[in-house]
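Each chain, letter by letter, is given below.
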Amino acid sequence: MRNWMTEKIGRQLMAIFYGVFAIGALTSFASYLYIDGAASQTKRQVLDQLEKTQWFWFLNLLIFILCLVFIVRPIINRLTEQLQELTKKSHRLAEGKSISLEYDRQSNNEVGQLTDSFYEMADSISSQHTDLSRQNQELEQKQDDLTGKQRELEQSLTATRSNELHLKDRNELIETLASKESLFDFSSVISTIVRLTKTEFGALLFIKNNEITSVVPKEMTDEQQESLKTESLLLKRVMVSKESAQSTKQVTEDRLLGYPYYIHEAVIPIMDPAKDELIACLYLARFDEAFTEHDITELASFAKQIAISRMRMTLYEQMDYERAETAQLLNSVREAILYVKHEERVILGNRALFEIFQSLQIEEETDMTTFLEVNPETMFEQMDQREAFAMYFEEVLAGQIPTDMFSLSIDDGTYFIQVYAEEIVHEGQPIGTILVFRDVTPETEVDRMKSELVSTVSHELRTPLSSIYGFTELMLKRDLGPDRSKRYLQTIHDESKRLTDLVSDFLNVQRMESGKQSYEKEVFNLLDVVKEQIQFHQATTERHNLQLDADQGQTFLVEADRNSMRQLLGNLLNNAVKYSPDGGDIIIGLLEHDANIELSVRDFGVGIPVSSTPHLFSKFYRVDNSDSRKIGGTGLGLSICKEIVREHDGTIEVESVLGDGALFKVMLPNATKK
């Protein structure tokens, strides 16, 4: 009804407003017509009409004002009140306060629609506020739950950190026990335990046959150590019971502090896990508080770690002893041994191997109990068959054990080696291969000498024997003239002398090698023997010119066997003549050095190949080339020269260029410098 009245008053207001407006408009139009037709009226009449018109306008204005005051103003106030109410409620909503959502719909105009929209919005905001409040309560509940979980996580984190510190301490102790230094020095172990357990002092007491053999202290004086060993009842009780124990005792007399105090002690037995024997005790002491059960349990775990470390030390010592024993055994073997560890790819050798292969270097600090590591590439450099042996060695590295023996030579045939391989098996699994390098140089040399001896005997003996046999047969079966018979007898004589010299060379070599050769040494001038031999050999050849290159006014005194010197120089001159088939000069030199006399023989014959030089003084060795193959000989002359020079404390060497002759130098001690 109120809404209807409001709407009715509004319509009346609009009707009055339109009526007043229409009357004013008609009045204005009538006045205009009246004034327009007042031309015929008098002035007085016109003024009356104007006055009436003014009153009429005044009445219209009064009616308009009354309409505004009694009709328009209430309507405006009503609208203003609604807008103010909406404004207040909107401010409350903005402040987050609640408002009443009940209202009367007074009009259906814009203000009414605005009111409807506002209350709809307020209702929506209220609903959202309710939802937000509910959600806020849920979030607060979740926050409470999260806070509880956070507390639990913090407690877990604290426990985890505590465990982490505990494990860190345990790992630190394990690392200390695992270090190589702790195998032989437990001072770092007891220091770590004292620090981790926050004790003031402690000691490790090692026990054997229920007797304390050694003490490793930490912050303990000698007096305290002795008191612990001899007077500690707690320690004796643990040694008997083999169980952990602790005690608290009061110290009433102390010169340092001057007042009584308490010491809390704990002794933990350390048992050998393999033999279940007491091997040590862990002693710890502190002032502030007694040891708890947890502390004793923790110390017991430390004791087990120490027992394991002690057992590891024992195993290490045993392994080290066995390794040293094995190394000493291998280094004592005369055969050269190369040991290949397949998994570690380590190659070791004994000292005999390093003696054969001089290119391998031995460190000065090594002894007989040390394995020597080998670089195989360095070995290959000395081998004459390096490529073939490299393939043989690759098979060994690949785990393929060659069944055949491999023969090789090193240093250009200086040594002859036979190699064979043996597989090393442990618990049914191959772990390595041993290569044994057997030095067969003496056997090879004997075989060579046998071969050379057979060849020499078959050639050098058969030739003169054939000549003797042939000429004697001719003399027996034919009648020969005196001249021919004499020539044949001379030939038989020469061949017999050749056989005698050959047999003498054999006997001389045998006596020299057996040490049965006797030398009658005397001091004499070597120049006399040189002149004698030059004269003798010059008479045997017409194609050679033997020259003496020496200061004949000087004395070259040596202490030697005169006959041996004749044989030495004679063999050198024989070789110089034989290996100069085209003739030429042969120069014999004598030269005095500070402590030696140098005797040299120089020829300009076929020369000696470089490859033959190292073997030139070996028995039965003959230079193998086209020129020397035509020249006879036993191959014993230079070997005899070497033995003579060696027995006179001298040296002999050769210098030669193939095709340009050879120079032999003999150095003998100077008798005047002795």
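Look a little higher up for the structure.
Remember, it's a predicted structure, so these values are computed and weren't measured experimentally.

1. Describing the overall build of the chain
Across its full length, the chain holds 15 helices and 18 strands. Here the analysis covers contacts within the chain between residues at least 6 apart in sequence; of these, 60% occur between residues at least 24 apart. For the chain, the exposed surface amounts to about 42300 Å²; the carbon and sulfur share of it is 52%.

2. Some words on the pattern of salt bridges
Evaluated as defined, the whole model comprises 12 salt bridges. Here Arg 134 ties to Glu 138 by a salt bridge, and the two come within 3.3 Å at their closest N and O atoms. Residue Arg 134 and its partner Glu 138 are located together in helix α3 (residues 110-178), separated by four residues, close to a single helical turn. We classify Arg 134 as partly exposed; its relative accessible area is 41%. The closest approach of N and O atoms between Glu 643 and Arg 646, which form a salt bridge, is 2.5 Å. Placement of both Glu 643 and Arg 646 in helix α15 (residues 637-647) is noted, with a separation of three residues, approximately one turn of the helix.

3. A look at a nonpolar patch on the surface
A grouping of Trp 55, Phe 58, Leu 59, Leu 62, Ile 63 and Leu 66 is seen on the molecular surface, where their side chains present a nonpolar patch of about 590 Å² in accessible area. Looking at the element boundaries, Leu 62 is found in helix α2 (residues 43-94). Assessed through its relative accessible area of 38%, Leu 62 is described here as partly exposed.

4. Let's talk about the sheet that holds strand β10 (residues 415-426)
Paired through backbone hydrogen bonds, the strands of a sheet run either parallel or antiparallel to each other. The antiparallel open sheet is built from six strands, whose spatial order is β8-β7-β6-β11-β10-β9. Edge positions in the sheet fall to β8 (372-373) and β9 (406-410), since each has one partner strand and no second. Where strand β6 (residues 336-341) meets strand β11 (residues 429-439), six bridges bridge the pair, whose relative direction is antiparallel. Bridging from a neighbouring strand, Tyr 339 pairs with Ile 434 of β11.

5. A look at the sheet that holds strand β13 (residues 544-549)
Spatially, the five strands line up as an open sheet ordered β13-β15-β16-β18-β17, and their pairing is mixed. Two strands in the sheet have a free side with no partner beyond their single neighbour: β13 and β17 (651-656). Neighbour to neighbour, the strand axes of the sheet diverge by 15° on average, direction disregarded. Across six bridges, β17 lies against strand β18 (residues 662-669) in antiparallel orientation. Each bridged residue has a counterpart across the sheet, and for Glu 653 the counterpart in β18 is Lys 665.

6. Some remarks on a negative patch on the surface
On the surface, Asp 222, Glu 223, Glu 226 and Glu 231 cluster together to form a negatively charged patch. Relative to the helices and strands, Glu 223 is located in helix α5 (residues 222-231). The exposed category is assigned to Glu 223, whose relative accessible area is 66%.

7. What to know about the nonpolar core
Counting residues in each nonpolar core, the largest one holds 39 residues, and the members touching the most others are Leu 526, Met 565, Ile 588 and Phe 664. Elements with a contribution of two residues or more to this core: α13 (526-538), β14 (557-561), α14 (562-578), β15 (584-592), β16 (596-603), α15, β17 and β18. For this core, the element with the most residues is α14, which contributes seven residues. Excluding residues that lie within four positions of it along the chain, Ile 588 makes contacts with Val 530, Ile 534, Leu 546, Gln 547, Leu 548, Asp 549, Leu 569, Leu 573, Leu 599 and Ser 600. Val 340, Phe 354, Phe 380 and Ile 410 belong to the second largest nonpolar core, which has 28 residues in total.

8. Examining the environment of Arg 602
In this fold, Arg 602 is placed in strand β16. As a C-alpha pair, Arg 602 and Gly 589 span 13 residues in sequence and 8.2 Å in three-dimensional space. For Arg 602, the contacting residues outside a window of four places in its chain are Asp 585, Ile 586, Ile 587, Asp 660, Gly 661, Ala 662 and Leu 663. One polar contact links the side chain of Arg 602 to the main-chain carbonyl oxygen of Asp 660, over a distance of 3.3 Å.

9. As for the environment of Asn 563
As for its position among the elements, Asn 563 is in helix α14. A residue is classified by how much of its surface remains accessible, and Asn 563, at 53% relative accessible area, is exposed. Considered as a pair, Asn 563 and Lys 521 are 42 residues apart in the sequence and their alpha carbons are 9.6 Å apart.

10. Considerations on the side chain of Asp 603
Position of Asp 603 among the secondary structure elements: in strand β16. There is no salt bridge for the buried Asp 603, and the closest opposite charge comes from Arg 602, which lies 5.3 Å off by N-O distance.

11. Brief notes about helix α6 (residues 233-241)
Within α6, burial applies to Leu 234, Leu 235, Val 238 and Met 239. All buried residues of α6 project into a common sector of 135° when viewed along the axis, lining one side. Opposite the buried face of α6, at more than 90 degrees from it, the exposed residues are Leu 233 and Val 240. Looking at the buried residues of α6, the elements they touch are β1 (201-208), β2 (211-218), α5, β3 (245-251), β4 (261-272) and β5 (277-286). For α6, the N-terminal cap is Ser 232; the gap from its side-chain oxygen to the backbone nitrogen of Leu 235 is 3.2 Å. Lys 242 occupies a position one or two residues after α6 and carries a positive phi of about 60°.

12. With respect to helix α10 (residues 386-397)
Residues three or four positions apart in an α-helix share a direction because the helix packs 3.6 residues into each turn. A rise of 1.5 Å per residue sets the reference length of α10, with its 12 residues, at 16 Å; its end C-alpha atoms lie 16 Å apart and thus fit the reference within 8%. Lining the buried residues of α10 we find β6, β7 (346-349), α9 (376-382), β9, β10 and β11. Immediately beyond the C-terminal end of α10, within one or two residues, lies Gly 399, with a positive phi of roughly 90°.

13. What to know about the packing of α13 against α14
Orientation of α13 relative to α14, taken along the N-to-C sense of each, is 45°, at an axis distance of 10 Å. Judged on the interaxial angle alone, α14 and α13 are oblique. Along this stretch, α13 crosses α14, giving a crossing that reads as right-handed. In this structure, α13 uses Leu 526, Val 529, Val 530, Glu 532, Gln 533, Ile 534 and His 537 to contact α14, whose residues at the interface are Arg 562, Met 565, Arg 566, Leu 569, Gly 570, Leu 573 and Asn 574. Considered class by class, the residues forming the contact of α13 with α14 number seven nonpolar, four polar and three charged.

Calculation notes
- Residues numbered from 1 in each chain as written.
- Predicted model: local features only at pLDDT ≥ 70, side-chain atom pairs only at ≥ 80, totals over all residues.
- Heavy atoms only, no water.
- Helix = DSSP H or I, 4+ residues; strand = E, 2+ residues; numbered from the N terminus.
- Contact = heavy atoms within 4.5 Å.
- Areas by Shrake-Rupley, 256 points an atom, 1.4 Å probe, with all protein chains shown as cover.
- Salt bridge = Lys/Arg side-chain N within 4 Å of Asp/Glu carboxyl O.
- Buried < 20%, exposed > 50% of the residue type's maximum accessible area, 1.4 Å probe, protein only.
- Patch = residues over 30% accessible without salt bridge, like charges linked within 9 Å, V, L, I, M, F, W, Y side chains within 5 Å.
- Pairing = 2+ DSSP bridges.
- Axes fitted to C-alpha atoms, helices over the stretch in contact; angles between N-to-C directions.
- Lys, Arg positive; Asp, Glu negative; His and termini not counted.
- Charge placed at Lys NZ, Arg CZ, Asp CG, Glu CD.
- Core = buried A, V, L, I, M, F, W, Y, C linked by side-chain atoms within 4.5 Å.
- Polar contact = N/O pair within 3.5 Å; in protein donor to acceptor, adjacent residues only side chain to side chain.
- Arc of directions from axis to C-beta.
- Expected span 1.5 Å × (residues − 1).
- Parallel < 35°, antiparallel > 145°, perpendicular 65-115°, else oblique.
- Left-handed = near helix turned anticlockwise from the far one by under 90°.
- Nonpolar A, V, L, I, M, F, W, Y, C, P; charged D, E, K, R; others polar.

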